[in-house]
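Listed below are the residues making up each chain.
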Amino acid sequence: MLNAIKVAFEDLTEAIKSKKPMRKRMKRNVSSWCKGMVADALKQVSTRVGCTVVSVNCAYTSQLDSRFATLTGSRNGDKFTGHDGVVMHSDTNAADNVLARMSDVEITRYMKHSDVKVILLERTQKFRDSIVMETEAKTGKDKPQTLEPKSSPYE
């Protein structure tokens, strides 16, 4: 058998819930949006090609840093800036997160977004703690530091 191809996509078929009432124009745009048609088209093409289509939980995929799988970056329009200053295209970053979400065992498809957020915040905190540990090891923060200049061996 050939290598099985898997395609991951975000399941966006749920109704959009908002506390604020929508304007007429917004209701018309949302109702005319064909979000279910894309999923149907993917399924039809997958049967012709012979690949597997997997839908994943869409919570926080556009806000995660795909390199570290943490909530340490920020998204502004079509740019995603990581905590280290690296700028990526936000759609590419989100696509990488969707692909990684396909093999994530902790986050399931039908999990609530609040539960997903708890898991991601735990991962982010572990990542931040590891960064702090690395910087302390590099700077030697456990050793006492003085402000006195070091004496030159040539004196």
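Above this text you will find the structure in question.
Because the structure is predicted, anything quoted here is derived from the model rather than measured.

1. Side note on the nonpolar core
Move 1: Among the nonpolar cores identified, the biggest contains 8 residues, and these are Ala59, Tyr60, Leu64, Leu71, Ile107, Val116, Ile119 and Leu120.
Move 2: Setting aside residues no more than four positions away along its own chain, Tyr60 makes contact with Arg101, His113, Val116, Lys117 and Leu120.

2. Some points on the environment of Gln125
Move 1: Following the sequence through the fold, Gln125 ends up in helix H4 (residues 113-139).
Move 2: Separated by 55 residues in sequence, Gln125 and Thr70 place their C-alpha atoms 8.6 Å apart.

3. Re H4
Move 1: The end-to-end C-alpha distance of H4, which contains 27 residues, comes to 39 Å, matching closely the 39 Å that a straight helix rising 1.5 Å per residue would cover.
Move 2: Of the positions making up H4, those classed as buried are Val116, Ile119, Leu120, Thr124 and Phe127.

4. What to know about the sheet that holds strand S3 (residues 74-76)
Move 1: Ordered by their spatial adjacency, 3 strands build an open sheet running S3-S4-S5, and the pairing between neighbours is antiparallel. Two strands in the sheet have a free side with no partner beyond their single neighbour: S3 and strand S5 (87-89). For this sheet, the mean inter-axis angle between neighbouring strands, taken without regard to orientation, is 30°.
Move 2: Across 3 bridges, the pairing between S3 and strand S4 (residues 79-81) is antiparallel.

5. Examining the pattern of salt bridges
Move 1: Considering all chains together, one arrives at 4 salt bridges under this definition.
Move 2: Ionic pairing is found between Arg67 and Asp84, a salt bridge with its closest N-O pair at 2.9 Å. Of this pair, Arg67 sits in the loop between strand S2 (52-56) and S3 while Asp84 is found in the loop between S4 and S5, placing the two residues 17 residues apart along the sequence.
Move 3: Given a relative accessible area of 35%, Arg67 falls into the partly exposed group.
Move 4: With a relative accessible area of 41%, Asp84 lands in the partly exposed category.
Move 5: For Glu106, the salt bridge identified is with Arg123, shortest N-O distance 2.6 Å. Taken together, the residues Glu106 in the loop between helix H3 (90-102) and H4 and Arg123 in helix H4 connect sequence positions 17 residues apart.
Move 6: Residue Glu106 is classed as partly exposed on the basis of its relative accessible area of 43%.
Move 7: Residue classification places Arg123 among the partly exposed residues on the basis of a relative accessible area of 23%.
Move 8: Through salt bridges with shared partners, a single ionic network connects Asp65, Arg67 and Asp84.

6. Things to note about the side chain of Thr124
Move 1: Following the sequence through the fold, Thr124 ends up in helix H4.
Move 2: Not counting the four nearest positions on each side in its chain, Thr124 is found in contact with Thr70, Leu71 and Thr72.

7. Focus on the packing of aromatic side chains
Move 1: All told, the structure shown has 1 aromatic pair when counted by the stated rule.
Move 2: Both rings, one in Phe68 and one in Phe127, keep their centres 4.9 Å apart while their planes meet at 35°; by these two values the pair is tilted. Here Phe127 lies in helix H4 and Phe68 lies in the loop between S2 and S3, a separation of 59 residues in the sequence.
Move 3: Judged by its relative accessible area of 15%, Phe127 falls in the buried class.

What counts and how
- Residues numbered from 1 in each chain as written.
- Predicted model: local features only at pLDDT ≥ 70, side-chain atom pairs only at ≥ 80, totals over all residues.
- Heavy atoms only, no water.
- Core = buried A, V, L, I, M, F, W, Y, C linked by side-chain atoms within 4.5 Å.
- Buried < 20%, exposed > 50% of the residue type's maximum accessible area, 1.4 Å probe, protein only.
- Contact = heavy atoms within 4.5 Å.
- Helix = DSSP H or I, 4+ residues; strand = E, 2+ residues; numbered from the N terminus.
- Expected span 1.5 Å × (residues − 1).
- Pairing = 2+ DSSP bridges.
- Axes fitted to C-alpha atoms, helices over the stretch in contact; angles between N-to-C directions.
- Salt bridge = Lys/Arg side-chain N within 4 Å of Asp/Glu carboxyl O.
- Phe/Tyr/Trp six-rings, centres within 6.5 Å; stacked < 30°, edge-to-face > 60°.

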